[in-house]
Amino acid sequence: MRIKGDPEHPMTQGYICQKAARLNHYQHHAERLQTPLKRQSDGTFSPISWDQALTEIAKQLKSIRAQHGGDAFAFVGGGGQGNHLGGAYGQQLRHAMGSRFAYSALAQEKTQDFWVNGRLFGDQRCHTTEDVEHADYVLFIGCNPYQSHGIPNARDTLKHIKNDPARTMVVIDPRRTETAKMADIHLQVKPGTDAYLMTALLAILVQEGLHNVEFLKTHCTGFESLEPILRAVPVADYVARCDLDEAHVREVARGFAGAKRGCVRIDLGIQQTLHTRLNAYLEKLLYLVTGHFGKIGGNNLHAFLIPLISHSDERPSAKRKVKLTAHHRMFPISGLYPPNILPDEIEHPGEDRLRAVWVDSCNPVMTYADSTAYARAFGKLDLLVVVDVTLSETARLAHYVLPAASQFEKWEATGFNLEFPTNFFHLRRPILSPMGDSLPEPEIYTRLLEKMGEIPSHFPILENIARFEPNATAHNLYLAALIGRLKLKSDWVRYAPSILYRTLGPHLPEGAAAGAVLLPLCIDYVSKHEKAVRRVGFTGNRFTLAANLFNAILTRHSGTLISQHEMQDVWSFIRNKDGKIHLAIDTLIDEMGHLNDEPSPANEDAPFILMAGERRAYNANQIYRDPAWRKVDKEGALRMHPEDASQLSVADGENVRVTSKRGAITVSVEIDDSVRRGMVTLPHGYGGLYQNQQHGPAINRKTVH
Ligand SMILES: Nc1nc2c(c(=O)[nH]1)N[C@H]1C(S)=C(S)[C@@H](COP(=O)(O)OP(=O)(O)OC[C@H]3O[C@@H](n4cnc5c(=O)[nH]c(N)nc54)[C@H](O)[C@@H]3O)O[C@H]1N2
Ligand SMILES: Nc1nc2c(c(=O)[nH]1)N[C@H]1C(S)=C(S)[C@@H](COP(=O)(O)OP(=O)(O)OC[C@H]3O[C@@H](n4cnc5c(=O)[nH]c(N)nc54)[C@H](O)[C@@H]3O)O[C@H]1N2
Ligand SMILES: [Mo]
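Residues numbered from 1 in each chain as written. Chains lettered and ligands numbered in written order. Predicted model: local features only at pLDDT ≥ 70, side-chain atom pairs only at ≥ 80, totals over all residues. Heavy atoms only, no water.

When helices and strands are counted, the protein chain shows 28 helices and 24 strands. By principal-axis analysis of the C-alpha atoms, the protein chain measures approximately 75 × 60 × 55 Å. Considering the protein chain as a whole, with its 705 residues, one finds that 56% of them fall into the buried category. Relative to all contacts within the protein chain whose residues are 6 or more apart in sequence, the contacts with residues 24 or more apart total 74%. (Helix = DSSP H or I, 4+ residues; strand = E, 2+ residues; numbered from the N terminus. Buried < 20%, exposed > 50% of the residue type's maximum accessible area, 1.4 Å probe, protein only. Contact = heavy atoms within 4.5 Å.)

Structure follows, in structure tokens:
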């Protein structure tokens with residue numbers, strides 16, 4: 001009937017973002033999938049039963065595995081925005097196939113960041129977070145939290161900073177965004193030049209002696225490799241590249257260094273542009289060189305319950321086997337391969353090409369770069385299966401489409417719990433029954449593994465024990481039996497989620513079977529963060545503490561705090577043996593020192609820089625299908641500065657053609673003086689088909705490569 005925030009939620013206290021408030025449009029519309037579909041030879045889809053679908057798919061997967069080996073298979077996606085619980089179940093299929101190829105959008109936007117974390121902190125899972133809420137000096141670089149909500153309770157948090165004269169908000173963005181309008185200082189940087197700007201900021205810090213010598217000495221190694229390069233940076237030249245005023249840049253460097261509690265928040269504006277890997281390094285150096293790390297209001301490492309990524313160091317060593325892709329010879333970062341190479345890996349002429357792709361919770365044909373290449377490559381696969389709630393553009397190309405229950409219709413959770421020092425978890429319960437024959441992912445993958453013969457349909461010992469141990473706070477006997485079974489049958493370790501789901505799951509309260517996979521994660525969490533878990537009120541001995549945490553997650557329907565760390569715990573999260581942050585990343589220091597040798601990108605043929613993927617009031621990646629939810633900006637207009645528009649004699653609302661090296665699309669213009677001159681912006685998440693009509697620009701079809 002209506003969606004409201006939950007005041008009982010321990011983190012949000014009832015704050016919700018504009019997308020959440022309209023979630024009904026995502027799950028309640030005319031194009032929800034209701035049954036499994038099989039593509040016929042004439043290209044149309046026929047509804048089939050789950051049994052037929054999974055039997056046929058299992059047979060084909062096994063035959064591909066037998067003939068070509070597991071690496072002919074890739075798993076793509078596996079958890080989007082807010083639906084990460086299914087991911088744990090989905091990855092089992094990749095293990096069953098014996099494939100190492102996991103592709104996801106994370107490897108399009110964030111793996112350079114994870115890679116740098118690996119070098120600095122010793123493990124790619126050392127993920128950093130920012131305590132904007134308590135900072136008195138915040139640098140927002142290439143992000144617009146007012147619209148995208150990348151920080152908790154974004155609009156309230158921004159308002160507090162704005163209204164407090166003692167706190168300073170700096171926004172570095174080529175557009176005067178909704179966030180920039182609330183800022184004390186807006187550096188309207190030229191798009192793509194952030195590496196110059198951040199290097200200049202660091203150079204000013206070092207050249208003016210504003211760096212935190214004590215912090216660098218106590219907590220870091222390698223500053224001596226960085227320092228001479230920064231001392232030599234010609235600040236004025238670098239700032240000129242960014243088309244900014246040097247005095248403003250110096251003011252920001254000094255303000256940030258002098259702040260008591262400073263932090264940096266970044267996102268796509270520096271992650272999907274030029275120099276992305278160097279950018280990841282530089283933004284981290286900003287808070288490390290000033291010592292705004294490991295304290296309230298600073299940047300920190302944090303604990304997490306669901307491990308969304310793994311650690312995969314690409315450097316060859318005796319212990320490590322790195323699986324390179326067949327065509328691009330690309331290594332994984334955090335266990336993930338980058339989507340941009342996927343079409344080539346499928347179209348690769350060798351015997352070792354990809355032949356089967358499984359897509360879950362993502363829509364590569366729309367969201368990964370170069371839609372045309374995706375559509376062409378997917379057409380060459382022996383098997384394409386898509387698990388989705390709707391007949392997405394990717395699903396339209398699939399051999400089989402499997403209908404997932406929506407996030408209102410199943411137990412779900414996000415793994416984006418990236419808070420420090422206090423962290424939370426929210427297992428959301430279903431409030432509606434699955435539409436039609438749709439099923440939650442845990443059920444889909446478990447049935448498929450059974451069909452493939454990877455796991456039996458019954459585990460008598462475990463089922464019996466689970467039945468006789470109904471008290472959810474004490475799973476000791478069950479766990480002992482599970483560990484015993486897995487020791488005897490080590491092949492099953494990789495299927496632990498489905499085994500827990502089938503055996504313990506049915507005995508969990510309110511049908512929360514899908515939550516069974518959280519039990520081992522709680523045990524792991526408690527073993528790593530026992531004191532922090534106790535600090536938020538959990539009790540119990542070595543065995544029951546984790547069960548109590550698990551039980552609270554299952555039963556506290558508004559979510560629960562799971563841990564509260566002390567600030568100094570941050571240092572124990574660092575994985576380098578010496579406990580220090582290793583600042584010297586030679587390749588990046590070299591790149592930083594040579595930025596000035598790079599020619600400015602030539603733009604004679606293309607006078608405009610396109611930002612292809614802005615977050616706005618009415619986009620939500622490719623998740624909302626029915627355009628009826630958009631009250632304004634229905635067409636996803638191209639934003640253009642008034643002087644640029646008048647030079648081109650274009651009026652507001654008029655159609656223009658946007659042409660890039662790749663091709664062209666027609667879009668309508670919105671004249672808007674918040675964009676820089678010479679820059680135009682298009683929104684992400686439009687261009688999808690609904691009732692066979694395209695709504696707004698499909699940006700990855702023509703404009704991006
Ligand atoms: N409303 C809405 N919210 C969303 C999403 C959505 O689709 N809609 N998607 C979610 C997802 S998956 C993500 S990853 C986040 C992304 O969240 P954000 O990164 O905050 O959002 P964007 O609008 O993509 O980009 C941020 C800013 O980068 C600026 N920018 C562009 N080029 C440059 C540049 O060269 N330098 C600098 N410094 N800035 C630049 C843009 O003007 C923009 O204001 O949002 C999440 N939240
Ligand atoms: N040009 C350009 N391209 C971009 C971006 C950009 O800014 N510009 N942004 C990039 C970024 S940051 C991201 S994160 C990606 C996002 O792109 P993707 O990773 O492809 O994710 P979504 O667009 O969120 O697509 C989610 C799909 O999951 C389906 N879905 C929703 N709920 C469920 C569920 O419970 N189960 C299942 N099985 N499916 C479900 C939806 O129907 C939808 O088809 O796009 C990237 N692509
Ligand atoms: Mo994203």
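What follows picks up the thread again.
This brings us to the domain arrangement of the protein chain. Annotation of the protein chain at the domain level lists domain 1 (128-301 + 579-593) and domain 2 (609-701). When each unit is reduced to the centre of its C-alpha atoms, the spacing between domain 1 and domain 2 is 29 Å. For the pair domain 1 and domain 2, the summed buried surface comes to about 1,100 Å²; carbon and sulfur atoms form 52% of the total. If you sort the residues of domain 1 by the area they bury against domain 2, Q147, R175 and P191 come out on top, with a joint share of 46%. For the interface between domain 1 and domain 2, the tally reads 3 salt bridges. (Domains from an automatic or database assignment. Buried area = accessible area lost by both parts, 1.4 Å probe. Salt bridge = Lys/Arg side-chain N within 4 Å of Asp/Glu carboxyl O.)

The next point concerns the environment of R241. Relative to the assigned elements, R241 resides in helix α12 (residues 235-241). Residues R241 and Y146 lie 95 residues apart in sequence; the distance between their C-alpha atoms is 28 Å. Other than its neighbours up to four places away in sequence, R241 contacts K190, T193, Y196, L595, N596, E598, P599 and S600. Within the structure, the side chain of R241 is placed 3.1 Å from the backbone oxygen of N596, a separation counted as a polar contact. (Polar contact = N/O pair within 3.5 Å; in protein donor to acceptor, adjacent residues only side chain to side chain.)

What follows concerns the sheet that holds strand β14 (residues 400-403). Spatial ordering of the open sheet is given by β2-β1-β14-β13-β12-β3-β4, a layout of 7 strands whose pairing is mixed. Of all strands in the sheet, those with a lone pairing partner are β2 (45-47) and β4 (101-103), marking the two edges. Between one strand and the next, the sheet's axes are offset by a mean angle of 20°, whatever the strand orientation. On the sheet, helix α4 (residues 85-97) packs against β3 (73-77), β4 and β12 (356-360) and is oriented at approximately 170° with respect to β3. (Pairing = 2+ DSSP bridges. Axes fitted to C-alpha atoms, helices over the stretch in contact; angles between N-to-C directions.)

Our focus in this paragraph is the packing of aromatic side chains. Considering all chains together, one arrives at 17 aromatic pairs under this definition. Summarising the aromatic geometry, the rings of Y368 and Y374 are spaced 5.6 Å apart at their centres and angled 65° between planes, so their arrangement reads as edge-to-face. This pair shows no difference in class: Y368 is buried, exactly as Y374 is. Taken together, the aromatic side chains of F121, F215, Y287, F293 and W571 make up a single cluster linked through ring pairs. Lying over the aromatic face of Y146, R155 brings its terminal NZ or CZ to 3.9 Å of the ring centre. (Phe/Tyr/Trp six-rings, centres within 6.5 Å; stacked < 30°, edge-to-face > 60°. Lys NZ or Arg CZ within 6 Å of the ring centre and 35° of its normal.)

With that out of the way, let us pick up the site of ligand 1. By nearness alone, 30 residues border ligand 1, and S148, D173, G192, D194 and N619 come closest of all. Backbone polar atom of N621 to an oxygen atom of ligand 1: 2.7 Å apart, as the coordinates give it. Coverage of ligand 1 by the protein amounts to 94% of the 910 Å² it exposes when considered alone. Of all the elements in the fold, those that place two or more residues in the shell around ligand 1 are α1 (18-21), α7 (145-148), α14 (268-271) and β18 (609-614). The greatest single-element share of the shell around ligand 1, amounting to 3 residues, is contributed by β18. When the residues that make up the shell around ligand 1 are grouped by side-chain class, the tally is 8 nonpolar, 13 polar and 9 charged. Per-domain counts for the shell around ligand 1 show at least three residues from each of domain 1 (128-301 + 579-593) and domain 2 (609-701). (Near = heavy atom within 4 Å. Areas by Shrake-Rupley, 256 points an atom, 1.4 Å probe, with all protein chains shown as cover. Nonpolar A, V, L, I, M, F, W, Y, C, P; charged D, E, K, R; others polar.)

Below, the discussion takes up the side chain of H211. Tracing the backbone shows H211 in the loop between α9 (194-207) and α10 (213-219). Look past the residues within four positions of H211 in its chain and what remains in contact with it is L205, V206, L216, F223, E227, R231 and V289.

Most often, soluble globular proteins keep nonpolar side chains buried together rather than apart. Within the largest apolar cluster, 157 residues are counted, with the highest numbers of intra-cluster contacts made by L61, Y281, F293, W358, L402 and I581. For this core, the element with the most residues is α9, which contributes 11 residues. Here I581 is in contact with L120, F121, H219, C220, T221, L288, F293, W571, I574 and N576, once residues within four sequence places are set aside. (Core = buried A, V, L, I, M, F, W, Y, C linked by side-chain atoms within 4.5 Å.)

It is at 10 Å that the axes of helix α15 (residues 276-289) and helix α26 (residues 586-593) come closest, and there the two elements cross at 95°. Between α15 and α26, the angle is such that the two are roughly perpendicular. Each of R277, L278, Y281, L282 and L285 in α15 lies in contact with α26, whose residues at this interface are T587, L588, I589, E591 and M592. Of the residues assigned to the contact of α15 with α26, the class counts are 7 nonpolar, 1 polar and 2 charged. (Parallel < 35°, antiparallel > 145°, perpendicular 65-115°, else oblique.)

Applying the stated rule across the entire model yields 5 cavities of 30 Å³ or more. Its boundaries defined by the atoms lining it, the largest cavity holds a volume of some 80 Å³. For the lining of the largest cavity, the class distribution of residues is 3 nonpolar, 5 polar and 2 charged. (1 Å grid on protein atoms, 1.4 Å probe; cavity = no way out; pocket = protein on both sides within 12 Å on 5 of 7 lines; lining within 4 Å. Points joined across faces, edges and corners; volume = space filled by probe spheres on them.)

This part covers the layout of surface pockets. One way to see where empty space is left: roll a probe the size of a water molecule over the atoms. Computed from the structure, the second largest pocket encloses a volume of approximately 470 Å³. Together, 22 residues line the second largest pocket, and M11, D131, E133, H134 and P152 are the ones closest to its centre. When contributions to the lining of the second largest pocket are tallied by element, the ones reaching two or more residues are β5 (128-130) and α8 (154-163). In terms of residue count, the dominant contributor to the lining of the second largest pocket is α8 (3 residues). In the lining of the second largest pocket, the residues fall into 8 nonpolar, 8 polar and 6 charged.

For the rest of this paragraph, the subject is the pairing of strand β6 (residues 137-141). In terms of burial, β6 is largely enclosed, as 5 of its 5 residues are buried. Neither face of β6 is left uncovered, since the one carrying Y137, L139 and I141 and the one carrying V138 and F140 both have all their residues buried. Direction of pairing for β6 relative to strand β7 (residues 168-172): parallel, over a ladder of 5 bridges. Bridging from a neighbouring strand, L139 pairs with V170 of β7. With 5 bridges joining them, β6 and strand β10 (residues 262-266) adopt parallel strand pairing. The residue bridging I141 from the neighbouring strand is I266, located in β10.

This paragraph deals with α15. Every α-helical turn comprises 3.6 residues, leaving residues that sit three or four positions apart pointing alike. In this model α15 runs 20 Å from its N-terminal to its C-terminal C-alpha over 14 residues, within 8% of the 20 Å that 1.5 Å per residue would give. Summarising burial for α15: 12 of the 14 residues are buried, a large majority. Listed as buried for α15 are L278, N279, A280, Y281, L282, E283, K284, L285, L286, Y287, L288 and V289. Immediately beyond the C-terminal end of α15, within one or two residues, lies G291, with a positive phi of roughly 75°. (Expected span 1.5 Å × (residues − 1).)

By nearness alone, 31 residues border ligand 2, and T367, D388, E441, A612 and N700 come closest of all. K410 is positioned such that a nitrogen or oxygen atom in its side chain is 2.7 Å from an oxygen atom of ligand 2. Computed on the free molecule, ligand 2 has an accessible area of 930 Å², of which 95% lies beneath the protein chains in the complex. Of all elements in the fold, only α5 (106-109), β13 (383-388), β18 and α28 (699-702) reach the threshold of two or more residues within the shell around ligand 2. Residues belonging to the shell around ligand 2 are distributed by class as follows: 12 nonpolar, 13 polar and 6 charged.

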